[in-house]
Each structure stands twice: as C-alpha cells, then as structure tokens.
Amino acid sequence: MPRVKTFMWKALSECLPVRESLGLYTPIEINCPLCSGNARENIKHLFTECVFLEAVWRGLSFSRVFYDAANLSFKDWCISWLKDSSNRDFISYVLCYVWKFRCRVVFDYVSANPINLVEFIRKDLPNYTKKNQFTYVCSNKVKTCDKSHPNCSFMRHDRQQDTYYVYFDASFQRDTKSYAYGIVKTDDLGCIIDFSGGTGWCSSSEEAESRTYKEAIKWMQGFRDEKIIFLNDNRSVMSSMKKKNNFAVDWRSKTVLQQAFNYNQFLTSSSFVFIKRKCNFVADKLTKILNRYKDLYINSRYWDKSRKDAWILRLCNPNTVIPVS
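Okay, so let's go over this structure. (Residues numbered from 1 in each chain as written. Predicted model: local features only at pLDDT ≥ 70, side-chain atom pairs only at ≥ 80, totals over all residues. Heavy atoms only, no water.)

Let's shift gears to the overall build of the protein. When its secondary structure is counted, the protein shows 13 helices and six strands. Out of the 325 residues belonging to the protein, those deemed buried represent 50%. Sequence-distant contacts, at least 24 apart, represent 66% of the contacts inside the protein between residues at least 6 apart. Here the protein has roughly 16,800 Å² of accessible surface; of this, 50% comes from carbon and sulfur atoms. (Helix = DSSP H or I, 4+ residues; strand = E, 2+ residues; numbered from the N terminus. Buried < 20%, exposed > 50% of the residue type's maximum accessible area, 1.4 Å probe, protein only. Contact = heavy atoms within 4.5 Å. Areas by Shrake-Rupley, 256 points an atom, 1.4 Å probe, with all protein chains shown as cover.)

Bringing the nonpolar core into the picture now. Core analysis: the largest hydrophobic core is formed by 43 residues, its most contacted members being Phe7, Phe47, Trp57, Trp77, Phe90, Val94 and Leu95. In terms of residues, this core owes the most to one element, helix α7 (residues 88-107), which gives 12 residues. Residues in contact with valine 94, not counting those within four places in the same chain, are Val56, Trp57, Leu60 and Ile121. Core analysis: the next-biggest nonpolar cluster, separate from the first, contains 25 residues, Tyr213, Phe223, Val237 and Phe261 among them. (Core = buried A, V, L, I, M, F, W, Y, C linked by side-chain atoms within 4.5 Å.)

Attention shifts here to the state of the cysteines. As used in these notes, a disulfide is a covalent bond between sulfur atoms, one from each of two cysteines. Enumeration over the complete set of coordinates arrives at zero disulfides. Here cysteine 279 stays free of any disulfide, with the sulfur of cysteine 145 as its closest cysteine sulfur at 3.7 Å. (Disulfide = S-S within 2.5 Å.)

Moving on, we get to the side chain of serine 178. You can see serine 178 is positioned in strand β2 (residues 178-186). Its relative accessible area of 17% is what places serine 178 among the buried residues. Side chain to side chain, serine 178 and threonine 176 meet in a polar contact 2.7 Å long. For serine 178, the residues in contact, after removing those within four places along its chain, are Ser171, Phe172, Gln173, Gly200 and Trp201. (Polar contact = N/O pair within 3.5 Å; in protein donor to acceptor, adjacent residues only side chain to side chain.)

Moving on, we get to helix α12 (residues 281-290). Most of α12 sits out of view: seven of its 10 residues are buried. Those residues of α12 not exposed but buried are Val282, Ala283, Asp284, Leu286, Thr287, Ile289 and Leu290.

Functional significance is not addressed by these values, which are geometric in nature.
Pasting the structure below:
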C-alpha cells in the first residue's frame, strides 16, 4: 500500500518528526508520549524499545518481532524482518498504524491504551489483507536456536575456545506452587563439567525460570570463567536480560531479573541465548530428577569424581538409577 511504503521510507530515512529530532530546533517535551518512562522519543525507542509497542505485539501474538530487536539498530531490525516475505507487509502495516496512533495521542489527546490499538488492528486487518492481497503467519514459533551451541540439534556448532555454556531450566508445579531447577555447565565440546540444582516455591513458571537464571549467575560467580554463555528455552526471560532494564515479564519476575542483572555485572563476559527446548534436554533431565524432592540443593563442584560421574551418567542415560543423597 503506497502510504505504508511512504511511512517505511520515512522511518528508515529517519525523517519522521519524533520529539527528540524536533527538540533540536524548538524547546518541546521530548519524552515518549506512549509510555510512562523517561525515555526520549526517537525512532529506535518508539518502534523497538517502548513498552507500549511490546504490549501491542503481545496482543497480536507477534511478540517475537519485538524481542528480536534487542541489541539491534532500527535499520538492522527492519532488514531482519523485511527478508520474511510472509510477514513483512503485516509488520509494516502495524508500525504504520502505531505511528498514526501516536499522532492521535499527541494531537488529539487520546489515551495511550495499547488494547485500543490492538482491537482496531484486528478489526481492520481483514479489510487490509483483502485489499492488498497478502497473508500473514501469526506465530511466535522459532524454527532454530538463536545461536549455535554444543550438541545443537538445528545448526552446526563452531567451537569457541575458552567459552563455557550454562544450560538452565525450571519445572513449576501449579497445584503446590513449588518448582525445581537445574543448571548444567559444559565446555565448548558439550562435555558436562559441573551442575547444580534445587527446589523452592514461587507463583508462576516464568518466575521459576527467572529465579533459576539468578541462581545460575550466582553459581557461576564462583568459577571466575572469562567467557560464559547462558542458554534457556524461555524467550521472555532471555529477551529481558538482553534488553537489561526493559524486562518483558510479570512484576514478580521483573524483581528477580533485576537482581540477576545486578549479579551479572560481576561476571567478566556473559551473553544470553535462546535455544529450543529440544536442545535444553540436559538441564531438563536434571530438573525432572530434582522435582521429586523438597528442600533439596545439590552442587557437584564439591563432590568426589565417582559421585559426579554417576550423576553425569544419569543425565546422559535416563535409564540409569542413582541415589540422590
């Protein structure tokens, strides 16, 4: 559609009259009108960082589009989804309507409620798709891991010397509000070096994953490794850590992840990678073993070799039976 193409051209050319740009020439309010934070309204914030946009993409079941923008410039982010022929028209359409809604908030004093915009898009989308003859695939499913890693089932792994991979997972029991977590450290070949895990109580599965991540960081501080890559199959948690203070989780998990982020600052070099659940099988197995117990904590770092080897065999071969104590 011509107006959508014109909008995208202006956005990629940084010609949209956002407040930060206008503030260079005239004294005006430069904070974002869509969110309650103190962030300046520029193109990158408006379309890739604003919590209003996060709520819109979540409402459209397209949150992956928003989270993929972490650590990318606005142009690089646009290039990444413009290659997706099945959804690029739809994403452009949404961004165009976000800009129109933003203008209504600024000039017509409309309330900045993302639900209103989501409802309008859902109502207008059938007419737009019919008129412009395109379809979209409404899915947050990821076909591969975000990055290759040892024992990856989806892509070839290129070895990285002196790099350690930390897989972590959590299992939440809704009826008892209890959870178990497992953390597994491997080298760049995928060989298990150490592992840790335990049980506790929380309110949701997302909070369980967040608490597990905090435990993983605290546990890794004792090793003093220079380069660490944390891997997990919960995209909300991993995206939250990539975006640092802009957490894409509920308020309980947000508090836990803020603590995890503070701990993470003491690590020399760390990164966060989303992986498919199939690739997180070792941490998942450890979690399922510990899920049968209460008030339990294990740390193989202080075990003798025979006990550690027996547990590693159990993790690699589920038919092997070993005592927990």
